[in-house]
Amino acid sequence: MKTYVIMLAGGRGTRMNVAVNKVLMSLCGKPVIRRSVEAFLSFADEMIIVSRPGEQDDLLAAVRPDSLPFPVRFVPGGETRQDSVLNGLRSLSADPGDAVLIHDAARCLVDEGLISRVIRSVSECGSGVPGIPATNTCKIVSPDSIVLQTPDRSSLYEIQTPQGFSAGMIIPAALKAAEDHCLCTDDAGLLEYCHLPVKIVPGSSSNFKLTEREDLSRAELFLKGDVASMRVGMGYDVHRLTPDRKLILCGTEIPSVLGLLGHSDADVALHALMDAMLGACALGDIGSHFPDTDERYRGISSLLLLKETAGILADAGWRVANADITIVAQKPKILPYIPDMVSNVALALGLPENCVSVKATTTERLGFEGRMEGISAYAVCSVSEKTE
Ligand code: MG
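So, how was this worked out
- Residues numbered from 1 in each chain as written.
- Predicted model: local features only at pLDDT ≥ 70, side-chain atom pairs only at ≥ 80, totals over all residues.
- Heavy atoms only, no water.
- Donors = N, O, S within 2.8 Å, 3.2 Å for Na, K, Ca; no water.
- Buried < 20%, exposed > 50% of the residue type's maximum accessible area, 1.4 Å probe, protein only.
- Pairing = 2+ DSSP bridges.
- Helix = DSSP H or I, 4+ residues; strand = E, 2+ residues; numbered from the N terminus.
- Axes fitted to C-alpha atoms, helices over the stretch in contact; angles between N-to-C directions.
- Core = buried A, V, L, I, M, F, W, Y, C linked by side-chain atoms within 4.5 Å.
- Contact = heavy atoms within 4.5 Å.
- Expected span 1.5 Å × (residues − 1).
- Left-handed = near helix turned anticlockwise from the far one by under 90°.

Draft legend 1. Structural detail: the coordination of the magnesium ion. Only Asp 237 (OD), His 239 (NE2) and His 271 (ND1) from the protein reach the magnesium ion as donors, at distances of 2.1 to 2.3 Å. Site description for the magnesium ion: donor spacing in sequence, D-x1-H-x31-H. According to the relative accessible area criterion, Asp 237 is buried, its value standing at 17%. Overall, the relative accessible area of 13% leaves His 239 in the buried class.

Next up, the structure:
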């Protein structure tokens with residue numbers, strides 16, 4: 001089964017009050033149309049961009065078809081959306097079993113999960129149309145603004161694109177609707193007109209259409225707060241307490257009769273933090289980067305390892321945004337050393353001190369920490385994509 005994508009790029013942007021086609025506008029440094037096209041990178045076998053003829057050069061420059069793994073063709077749009085879709089469909093040389101996805105280029109935040117759901121539904125039952133359950137009560141209203149009816153909200157869905165169909169269903173349906181001069185507001189309507197079933201798949205609230213000016217700011221906010229560019233990780237570590245060893249926590253030596261046993265300086269708090277950092281970036285754990293069989297790390301200050309870990313993150317394009325460490329120890333009292341510990345960590349990571357938190361707690365004499373057999377530490381940190 002091949003997947004053909006018909007991308008509707010002829011919007012006029014009248015509601016946005018802009019002279020230029022809104023899909024040519026830049027959104028966080030990239031044209032809207034390019035974002036929409038890129039969403040289909042792993043799915044499309046061929047893409048047909050339906051546009052107004054005068055805009056083809058601008059669209060070519062924005063889409064850069066040479067950089068795409070599938071062929072792109074341009075087809076002129078028609079008077080209405082339905083005419084434009086028909087032009088796109090007529091230009092296809094698809095087999096009846098192939099999937100045809102029809103997408104509004106102004107929905108440039110569509111995600112791969114949604115596109116997969118649509119394609120899967122097409123292969124299973126011939127159609128797949130993303131929808132989200134209506135959250136507001138909807139009313140059917142007369143032309144003079146009088147409410148006629150309140151439909152049951154649980155049966156109402158707001159419909160999005162890409163709408164997907166098997167070629168063998170959508171092409172004859174579109175031709176028949178055109179022949180009968182039947183106007184449909186979306187592509188699924190063409191199947192409905194021919195009494196063919198349309199299957200709804202879960203849509204996504206971020207897959208909104210850039211219609212009003214505010215939608216651009218909303219889309220910018222969404223992209224800047226993209227979950228992919230912000231991550232969290234957690235780390236946990238335990239070291240045994242023993243005589244004749246120093247007690248070093250977050251790089252600060254704390255006077256104590258018992259110290260922590262380990263290959264390095266056994267700084268349990270920094271070990272937990274490093275694991276949180278590596279975990280956030282899915283870069284393994286400290287055991288894999290600094291094995292305790294390696295003589296280079298015998299007795300080494302974990303602050304040096306922390307700096308090295310920050311370097312590993314930087315090479316992968318990440319930097320720590322904040323860190324929060326909890327040390328679990330019955331004794332000694334850690335509170336007086338916390339400012340020093342915060343300052344060590346902040347310095348090693350190049351962070352302001354208000355982005356580093358170190359806390360200490362006892363376990364009310366319960367468990368191995370309470371019996372003073374060991375000290376444990378938990379750490380959580382967030383990382384963001386390096387921008388410089
Ligand atoms: Mg350790």
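So much for the structure itself; the text now carries on.
Draft legend 2. Spotlight on the sheet that holds strand β17 (residues 318–328). Read from one edge of the open sheet, five strands run β16-β13-β19-β17-β18, paired in mixed fashion. This sheet does not close on itself; its edge strands, each paired only once, are β16 (258–260) and β18 (356–361). This sheet shows a mean twist of 25 degrees between the axes of neighbouring strands, independent of strand direction. Pairing of strand β13 (residues 230–243) with β16 involves three bridges; the strand directions are antiparallel.

Draft legend 3. Layout of the nonpolar core. Counting residues in hydrophobic clusters, the biggest one holds 48 residues, and the most contacted among them are Leu 249, Leu 273, Leu 306, Ile 327 and Val 358. Looking at this core, the elements with two or more residues in it are α8 (268–280), α10 (302–315), β17, α11 (338–349), β18 and β19 (374–385). Per element, the largest residue contribution to this core is ten residues, and it comes from α8. Among all residues touching Val 358, those that are not within four sequence positions of it are Cys 250, Ile 325, Ile 327, Ile 338, Met 341 and Val 342. In terms of nonpolar packing, the next biggest core, distinct from the first, is built from 41 residues, Val 32, Val 63, Ile 115 and Val 122 among them.

Draft legend 4. Main features of α8. Between the first and last C-alpha of α8 there are 18 Å, a value that for 13 residues agrees with the 18 Å anticipated at 1.5 Å per step. Burial runs high along α8: twelve of the 13 residues are buried. Three or more residues of α8 are buried, namely Val 268, Ala 269, Leu 270, His 271, Ala 272, Leu 273, Met 274, Asp 275, Ala 276, Met 277, Leu 278 and Ala 280.

Draft legend 5. Seen up close, the side chain of Thr 3. With respect to the helices, strands and loops of the structure, Thr 3 is situated in strand β1 (residues 3–8). Ignoring sequence-local partners within four residues, the contact set of Thr 3 consists of Phe 43, Ala 44, Asp 45, Glu 46, Ala 99, Leu 101 and Ile 119.

Draft legend 6. A look at the packing of α10 against α11. Closest axis-to-axis distance for the α10/α11 pair is 9 Å, and the angle between their directions is 35 degrees. Handedness of the α10/α11 crossing: right-handed. On α11, the residues touching Leu 303, Leu 306, Lys 307 and Ala 310 of α10 are Asn 344, Val 345, Ala 348 and Leu 349.

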